[in-house]
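# Survey of secondary and tertiary structure
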Protein chains: 2
Amino acid sequence: MEAVLDELIAALRCLPGVGAKSARRMALHLLERDRAGARRLAVALEAAVDTVGHCSVCRTLTARETCSRCLDTGRDDGVICVVETPGDVLAIESATDFRGLFHVLLGRLSPLDGIGPEDLGLDQLEKRLQDHDVRELILATNASVEGEVTAHYIGEMAARHGVRATRIAQGVPTGGELEYLDAGTLAHALSGRRDY
Amino acid sequence: MEAVLDELIAALRCLPGVGAKSARRMALHLLERDRAGARRLAVALEAAVDTVGHCSVCRTLTARETCSRCLDTGRDDGVICVVETPGDVLAIESATDFRGLFHVLLGRLSPLDGIGPEDLGLDQLEKRLQDHDVRELILATNASVEGEVTAHYIGEMAARHGVRATRIAQGVPTGGELEYLDAGTLAHALSGRRDY
């Protein structure tokens, strides 16, 4: 095999979910049918790696000092939604009409992995609670054990500052069938029932 | 959203099989967890697009004038395997112990799409049949209608030059169940039966 082609196939495997066969297919597709696309991707990768860092306010990914969301005066700065990753920000924005601000933890509390509050930018978040008139802190960490622990920790911080903390609902996912749900989800769904 | 990030996500969609969600996941993965991999991929893409062209002899992808296979004196140059794409070359080499030479058509005969013999490098192949002592031409085009037509056309060319042409076997794929096979495959499997 050709060294340049081998290296391209190996490099494509750094993409999540791409194995040996997919990488080969991608490399051949780009070289045989879409060289303009390959060059565009190379330029976009370089540009992103060179310029994208974390927002100084909310810690999401941005190419500037402060991200466009934090600078947007049209947003409700009285509500801050706390999420684990920048991907969660995109997921929430594309699925909902939430137009408040975010705080991105870039992780979750996990003492076993040596991840404590200082790694999650909680000092920054606390400063935002002190300096701004925040009415509500939405705890949108994952529904995993670490996510719950993280939500609990941040919830206590909100209480210290007299800020209302809310947790996103847990229950039956859309299209879910009760018979196949795990016990924990079903218990959450029942205890979290609402007037109909 | 950030323009640089948006452009990276859009550029990743030029990869085959990558939709909006996968592209977003890939972009975030690279920026959050594997910037070295992203830079490596950018360099590999540029290098491949800049240097990889087609072999002057067999038309497969190579960074040189003539590919390493065609220059390899350890190969049997009396057998040429005709395939449609460079990917077919890789598939055959990784699955079999075939160590002859190749001719890559970079397509198949398809009059409706305006693809004739001159687009498949058949003049080059004919020159190889004239100039070298070729014993066997293996027709390994796909088992599609166009692949069969292409194989037939090249088979007649081989006959004109007194070269033996063979066609790869058609029949039941490994693990295949007769009950679910299409009629054409089953007919091929029966008519192509061998002593056991």
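What you see is a predicted model; the values in this text were computed from it and never measured.

The helix and strand inventory of chain A stands at eight helices and six strands. Taken from N to C terminus, the helices and strands of chain A fall in the order α-α-α-β-β-α-β-α-β-α-β-α-β-α. In terms of its C-alpha atoms, chain A occupies a principal-axis envelope of roughly 65 × 50 × 35 Å. Residue burial in chain A is summarised as follows: out of 196 residues, 43% are buried. Within chain A, counting contacts between residues at least 6 apart in sequence, those at least 24 apart form 49% of the total. When the accessible surface of chain A is split by element, carbon and sulfur atoms take 52% of a total near 10,700 Å². Taken together, the 22 basic and 30 acidic charged side chains of chain A have centroids lying 6 Å from each other.

Glancing now at the sheet that holds strand β4 (residues 100-104) of chain B. Residue and element names in this part refer to chain B. As summarised here, the arrangement of the four strands in space is β4-β3-β5-β6, forming an open sheet in which the pairing is parallel. Taken across any chain shown, the strands that pair with only one partner, and hence form the sheet edges, are β4 and β6 (164-167). When the angles between neighbouring strand axes are averaged without regard to direction, this sheet yields 25°. As judged from the four bridges shared by strand β3 (residues 76-83) and strand β5 (residues 136-139), these two strands associate in the parallel manner. The partner of Val79 across the bridge, within β5, is Glu136. Sheet contacts for helix α5 (residues 86-95): β3 and β4; angle to β4, the most-contacted strand, approximately 155°.

The next point concerns the packing of helix α2 (residues 20-33) of chain A against α5 of chain B. With their axes 10 Å apart at the nearest point, α2 of chain A and α5 of chain B run at an angle of 150° to one another. Relative to α5 of chain B, the element α2 of chain A lies roughly antiparallel. Residues Arg24, Leu28 and Glu32 of chain A of α2 of chain A touch α5 of chain B, and the partners they reach there are Pro86, Gly87, Leu90, Ala91 and Ser94 of chain B. For the contact of α2 of chain A with α5 of chain B, the class distribution of residues is four nonpolar, two polar and two charged.

A word on unusual backbone geometry. Both trends apply: most residues other than glycine have a negative phi, and most peptide bonds are in trans. One non-glycine residue, Leu106 of chain A, adopts positive backbone phi at about 55°. Residue placement: Leu106 of chain A occurs in the loop between β4 (100-104) and α6 (122-131).

Before going further, it helps to examine α5 of chain B. Within α5 of chain B, seven of the ten residues are buried, which leaves the element mostly enclosed by the surrounding structure. Listed in full, the buried residues belonging to α5 of chain B are Pro86, Gly87, Asp88, Val89, Leu90, Ile92 and Glu93 of chain B. Check the buried side of α5 of chain B and you find it contacts α2 of chain A together with β2 (61-62), α4 (68-71), β3 and β4 of chain B.

Okay, the interface of chain A and chain B next. Listed per partner, the contact involves 53 residues of chain A and 53 residues of chain B. For the pair chain A and chain B, the summed buried area comes to about 4,900 Å², and 67% of that belongs to carbon and sulfur atoms. Put simply, chain A and chain B have 16 residue pairs in polar contact (both at pLDDT 80 or more) between them. Listed by contribution, the elements that provide at least two residues to the side of chain A that touches chain B are α1 (3-12), α2, α3 (35-51), β2 (61-62), α4 (68-71) and α5 (86-95) of chain A.

Attention now moves to the sheet that holds β4 of chain A. Residue and element names in this part refer to chain A. Taken together, four strands build an open sheet; the order of strands is β4-β3-β5-β6 and the sheet is parallel. Where the open sheet ends on each side, the last strands, each with one partner, are β4 and β6 (164-167). Adjacent strand axes in the sheet meet at a mean angle of 25°, parallel and antiparallel pairs treated alike. Pairing geometry for strand β3 (residues 76-83) and β4, over five bridges, is parallel. What sits directly across from Ile80, in β4, is Leu101. Across the face of the sheet, α5 comes into contact with β3 and β4 while running at roughly 155° to β4.

Rules used in this analysis
Residues numbered from 1 in each chain as written. Chains lettered and ligands numbered in written order. Predicted model: local features only at pLDDT ≥ 70, side-chain atom pairs only at ≥ 80, totals over all residues. Heavy atoms only, no water. Helix = DSSP H or I, 4+ residues; strand = E, 2+ residues; numbered from the N terminus. Buried < 20%, exposed > 50% of the residue type's maximum accessible area, 1.4 Å probe, protein only. Contact = heavy atoms within 4.5 Å. Areas by Shrake-Rupley, 256 points an atom, 1.4 Å probe, with all protein chains shown as cover. Lys, Arg positive; Asp, Glu negative; His and termini not counted. Charge placed at Lys NZ, Arg CZ, Asp CG, Glu CD. Pairing = 2+ DSSP bridges. Axes fitted to C-alpha atoms, helices over the stretch in contact; angles between N-to-C directions. Parallel < 35°, antiparallel > 145°, perpendicular 65-115°, else oblique. Nonpolar A, V, L, I, M, F, W, Y, C, P; charged D, E, K, R; others polar. Buried area = accessible area lost by both parts, 1.4 Å probe. Polar contact = N/O pair within 3.5 Å; in protein donor to acceptor, adjacent residues only side chain to side chain.

So yeah, pure geometry; function would need other evidence.
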